[in-house]
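# A closer look at the structure
Chain by chain, the residues run as shown.
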Amino acid sequence: MYSIFKIQDDIKQGITQSYKKIAADNGIDPSLIPEAELEVPKDRSFGDYATNAAMTSAKLFGKKPREMAGLMKENFPHTEYVSSIEIAGPGFINFKLDRAGLYNVLNEIDGMGDNFGSLDIGKGRRVQIEFVSANPTGPMHLGNARGGALGDVLASILQKAGYYVEREFYINDAGNQIEKFGASLEARYLELFGQDTEVPEEGYHGEDVVELMKEYIEKYGDVCLKMDSEERQKKLREWALEKNIDRMKDDLEAYGIHYDVWFRESSMYESGEIRDVINELKDKGHTYESDGAIWFKATDFGADKDDVLVRANGLTTYFASDIAYHKNKFIKRGFDTVIDIWGADHAGHVGRMKAAMAALGIDPDRLVVILMQLVRLKMGGEFARMSKRKGNMVTLRDLVDAVGRDAVRFLFNMRSADSQFEFDMDLAIKESNENPVFYVQYAHARICSILRNASSIGTEVPALADVDMTRLNKDAEYQLMEKLSSYPEEIGQAALRLEPYRITHYASDLASLFHSFYTECRVIGEEEEVMKARLVLADSTRKVLANALSLLGVNAPEKM
RNA sequence: GCGCCUGUAGCUCAGUUGGAUAGAGCAACGGACUUCUAAUCCGUGUGUCGGGAGUUCGAGUCCCCCCAGGCGCACCA
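In this report, the structure presented in the accompanying data block is examined. (Residues numbered from 1 in each chain as written. Chains lettered and ligands numbered in written order. Predicted model: local features only at pLDDT ≥ 70, side-chain atom pairs only at ≥ 80, totals over all residues. Heavy atoms only, no water.)

## Quick notes on the pairing of strand E9 (residues 293–296)
We apply this condition: Strands pair, by our definition, only if DSSP identifies at least two bridges between them. Going along the chain from the N terminus, every DSSP run of H or I of four or more residues is numbered as a helix, and every run of E of two or more is numbered as a strand.
Where strand E8 (residues 287–290) meets E9, 4 bridges bridge the pair, whose relative direction is antiparallel. Paired with Glu 289 across the two strands is Ile 294, which belongs to E9. Hairpin geometry of E8 and E9 is characterised by an intervening segment of 2 residues between the two adjacent antiparallel strands and by a positive phi of about 50 degrees at Asp 291.

## Things to note about unusual backbone geometry
Trans peptide bonds make up the majority, and among non-glycine residues the majority have a negative phi. Here is the rule we go by: Three labels apply to residues, based on accessible area from a 1.4 Å probe with only protein chains included: buried if under 20% of the type maximum, exposed if over 50%, partly exposed otherwise in between.
Although it is not a glycine, Lys 123 sits at a positive phi angle of roughly 50 degrees. By the element assignment, Lys 123 lies in the loop between helix H4 (104–112) and strand E5 (126–130). Assessed through its relative accessible area of 64%, Lys 123 is described here as exposed. If you check the backbone angles, Val 132 has positive phi at about 70 degrees while not being a glycine. If you trace the backbone, Val 132 turns up in the loop between E5 and helix H5 (142–160).

## Considering the packing of aromatic side chains
Note the following rule: Pairing of aromatic side chains here covers Phe, Tyr and the six-membered ring of Trp, requires ring centres within 6.5 Å, and sorts the geometry by plane angle: under 30 degrees stacked, over 60 edge-to-face, intermediate tilted.
One pass over the structure, following the stated rule, counts 26 aromatic pairs. Plain terms: the ring middles of Tyr 19 and Phe 61 are 6.2 Å apart, the flat faces sit at 0 degrees to each other, and that makes the pair stacked. Of the two residues, Tyr 19 is situated in helix H1 (residues 3–26) and Phe 61 in helix H2 (residues 53–61); the sequence distance between them amounts to 42 residues. For the pair Tyr 19 and Phe 61, a shared accessibility class is recorded, and that class is buried. Arranged with centres 4.4 Å apart and planes meeting at 25 degrees, the rings of Phe 169 and Trp 262 form a pair that is stacked. In this pair, Phe 169 is assigned in strand E6 (residues 164–171) and Trp 262 in strand E7 (residues 261–264), connecting sequence segments 93 residues apart. By relative accessible area, which is 0% here, Phe 169 ends up buried.

## Brief notes about the layout of surface pockets
Selection rule: In this analysis, the protein atoms alone were mapped onto a 1 Å grid. Cavities are point sets where a 1.4 Å probe fits without being able to get out; pockets are open sets with protein on both sides within 12 Å along at least five of seven lines; lining residues have an atom within 4 Å of a point. Grid points are joined across faces, edges and corners, and a volume is the space filled by probe spheres set on the points. Residues are grouped as follows: nonpolar covers Ala, Val, Leu, Ile, Met, Phe, Trp, Tyr, Cys and Pro; charged covers Asp, Glu, Lys and Arg; every other residue, Gly included, is treated as polar.
The computed volume of the second largest pocket comes to approximately 1200 Å³. Contributing to the lining of the second largest pocket are 39 residues, with Ile 4, Gln 8, Val 40, Tyr 49 and Glu 489 lying nearest its centre. For the lining of the second largest pocket, the class distribution of residues is 15 nonpolar, 9 polar and 15 charged.

As structure tokens, this is what we get:
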């Protein structure tokens, strides 16, 4: 167990003991007492930890908050880590820690290596996280880039927290949009042979479709000219889909994302799973027919409206596929929890999907949908309107090429999913030197530089047993150690609350404390014992920075 | 019209699930390199927390009503 958790437990137990004693003295039923809550005071000069326990329990004990706090302080047992207790404000109890307890973190980092920060709160539970899942009808856009950064890092965090995690990409390679894609391909194909055709109004008008057909003609010439339209579209569609899927894989790999599973919607048509799930819902009486279509009664399960499973023309909807897909995740593959990352424009879909899960007997709480607010691109001081169908968009690939993989991943993980993201392209490219990611990477490179210089004068990072850690006694050093020791807690928070942005913030904070330490405390050239202790501290910081950056999928350079 | 998300410093955003005097980065200004990387550090200030009412010892945070922006409200995905 990490020392930070031991210390917190220590204080919580102290509070509980104190409570019990006071309860006994006053004849109060101890089971009524609320559980102690620890918090970190906003102003650290108050102490390392604080509790509002006296204020929340004052009423129960029939005392004034400050009086209650005084009693609790008197009855607080002696513990290993707490060095002083003070009462302040309306009745806060502030705890200061014995700073020697902080040195433990250096041992933990040394002993655990890359596993430092790992937790077992997941207890091996199986989590699937599905993200990006862009239509294979063209290149991926900025929203996909955001979803990719969020999903990939969240997956890493959950793994670190002890969950079994699979990353999955759902390929919509069937259905209505794919038909339109085929029609668009055909139009461009014929157009390239001089025929007078037009891309359908609702089709895909982007230049990438033309490029695809040029490439196809280069390879296969006019073989599709003499086919009938249906066959031709099928041929072109199948070829283009594979092409696009391969390209998405390449682009995502370049972005640092690797999926465990690429799941095709079409596979569920072949296996019959879509038909089966529709029949299951029918059999259970959760459907009805209206205007020739088959509807799912989502409103029976709390959704705000029903939705169509089978259209009047006999074709199944995306919704039907998605139900079958999620049943596959939960039932066939047995995931305990499924996390989907969707754009905010799919918000209306959430209630109906959960309703469908409930109808299938799956606890809807096991499906967690993270709604990501949309990304707006600012270029030349204006917000660009983008559309895949119109083809006037900046792609994920463009972004990664222009701004750099590290910066893009870091930037997208700086904000919570439910804030809108304004991506200023000009700023990202022009002023990328002022990007926060470089600040963190620079801290890492600086440490590496110290270690190199030390090595060049014959000094390596010493074994911990040979180091007098009490030589680390400056404020900058204590603050750095405090931050290092809070890393596991930060992982836990990020995992439980599904908030990857906590890790970018943590990395920035840690880098900042290191830069301050660097300015205030020299390493090389100091007295031998001080140098050794600081080498260990610097190296520990380097390891944790690299650890956090690796969760983010961002490089930790040794030189910059 | 209804539902979801958002509104906090000039800009971009945090705010530990209701706690103490509301924070950080950027931008602006002033300092700091003969010494381990100045992509750095130190200092300076700015808030009707969109507005109004309410809940209580205590509200940026919770309830209600408005205002503004984004996204939905398809036999599209």
